[in-house]
Amino acid sequence: MISSSSGNEITQIRAQKKKLLIPIAMGIVVKLLELESGRETLVNHPNGVDTLVKMVFSVKCDQDCSDSAVEALSLVCCDYMHAREQAIGAGVITKLLLLMQSHCATTTKSKARMLLKLFKSKWIQVSK
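Keep in mind the model is a prediction, meaning the values are calculated, not measured. (Residues numbered from 1 in each chain as written. Predicted model: local features only at pLDDT ≥ 70, side-chain atom pairs only at ≥ 80, totals over all residues. Heavy atoms only, no water.)

A. View of the pattern of salt bridges. This model, assessed by the stated rule, comprises five salt bridges. Of the charged contacts, one joins Asp67 and Lys111 as a salt bridge, the two residues approaching to 3.0 Å between their closest N and O atoms. One end of the pair, Asp67, is in helix 4 (residues 63-79); the other, Lys111, is in helix 7 (residues 106-127), with 44 residues separating them in the sequence. Judged by relative accessible area, Asp67 falls into the buried class, the value being 15%. Put simply, Lys111 and Glu71 hold a salt bridge, and the shortest N to O gap is 3.1 Å. You can see Lys111 sitting in helix 7 and its partner Glu71 sitting in helix 4, a full 40 residues away along the chain. Taking relative accessible area as the criterion, Glu71 reaches 28% and is therefore assigned partly exposed. The network of salt bridges with shared partners includes Glu36, Arg39 and Asp79. (Salt bridge = Lys/Arg side-chain N within 4 Å of Asp/Glu carboxyl O. Helix = DSSP H or I, 4+ residues; strand = E, 2+ residues; numbered from the N terminus. Buried < 20%, exposed > 50% of the residue type's maximum accessible area, 1.4 Å probe, protein only.)

B. Representation of the packing of helix 2 (residues 36-44) against helix 4 within the structure. Where helix 2 contacts helix 4, the two axes come as close as 10 Å, and the packing angle between them is 85°. When the interaxial angle is binned, helix 2 and helix 4 end up roughly perpendicular. Facing helix 2, whose interface residues are Glu36, Arg39, Leu42 and Val43, helix 4 presents Leu75, Val76 and Asp79. (Axes fitted to C-alpha atoms, helices over the stretch in contact; angles between N-to-C directions. Parallel < 35°, antiparallel > 145°, perpendicular 65-115°, else oblique. Contact = heavy atoms within 4.5 Å.)

C. Representation of the packing of helix 3 (residues 48-56) against helix 4 in the model. Orientation of helix 3 relative to helix 4, taken along the N-to-C sense of each, is 145°, at an axis distance of 8 Å. By crossing handedness, the relation of helix 3 to helix 4 is classed as left-handed. For the pair formed by helix 3 and helix 4, the contact residues are Val49, Leu52, Val53, Met55 and Val56 on the first element and Cys65, Ser66, Ala69, Val70, Ala72, Leu73 and Val76 on the second. Taken together, the residues of the contact of helix 3 with helix 4 break down into eleven nonpolar, one polar and no charged. (Left-handed = near helix turned anticlockwise from the far one by under 90°. Nonpolar A, V, L, I, M, F, W, Y, C, P; charged D, E, K, R; others polar.)

D. Summary view of the nonpolar core. Core analysis: the largest hydrophobic core is formed by 31 residues, its most contacted members being Leu73 and Leu96. Breaking this core down by element, the ones donating at least two residues are helix 1 (4-33), helix 2, helix 3, helix 4, helix 5 (81-89), helix 6 (92-101) and helix 7. Excluding anything up to four places from it in sequence, Leu96 contacts Val56, Val70, Ala112, Leu115, Leu116 and Phe119. (Core = buried A, V, L, I, M, F, W, Y, C linked by side-chain atoms within 4.5 Å.)

E. Fine view of the side chain of Thr108. Take Thr108: it is sitting in helix 7. Looking at Thr108, the relative accessible area reads 2%, which means it is buried. Not counting chain neighbours up to four residues away, the residues in contact with Thr108 comprise Asp67 and Leu99.

F. Representation of helix 4 within the structure. Here helix 4 is 17 residues long and its end C-alpha atoms lie 25 Å apart, about the 24 Å a rise of 1.5 Å per residue gives. Those residues of helix 4 lying buried are Cys65, Ser66, Asp67, Ser68, Ala69, Val70, Ala72, Leu73, Ser74, Val76 and Cys77. (Expected span 1.5 Å × (residues − 1).)

G. Geometry of helix 3. Among all positions in helix 3, only Gly48, Val49, Leu52, Val53, Met55 and Val56 are buried. With its buried residues spanning 160° around the axis, helix 3 presents them on a single face. (Arc of directions from axis to C-beta.)

Shown next as structure tokens:
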């Protein structure tokens, strides 16, 4: 029988391994989104854009993961107005602003700024 302390240690080890795999998975997602079929698949999935938004500024995510999430959203939102609308509805603006105030890399902040400009252009189109 496994003691409760051993069970806690196993749970912690699994959580650490999972945390290490998230940036790798996000890097793979970015590579897949370079393909038109990858972007279409993500946009057509009911939780695709929402999941990316959650990864922009997440406790489970490190800086590389946030950078990949911003890059992935840029790839999708440039091509699909529906993806922009979905991302805005999922709270991407707040997450991007929080990310920019954090101690993330300069390149990540630049990508976040560019994505915010893309969303701003969407709002200008809607208000006309």
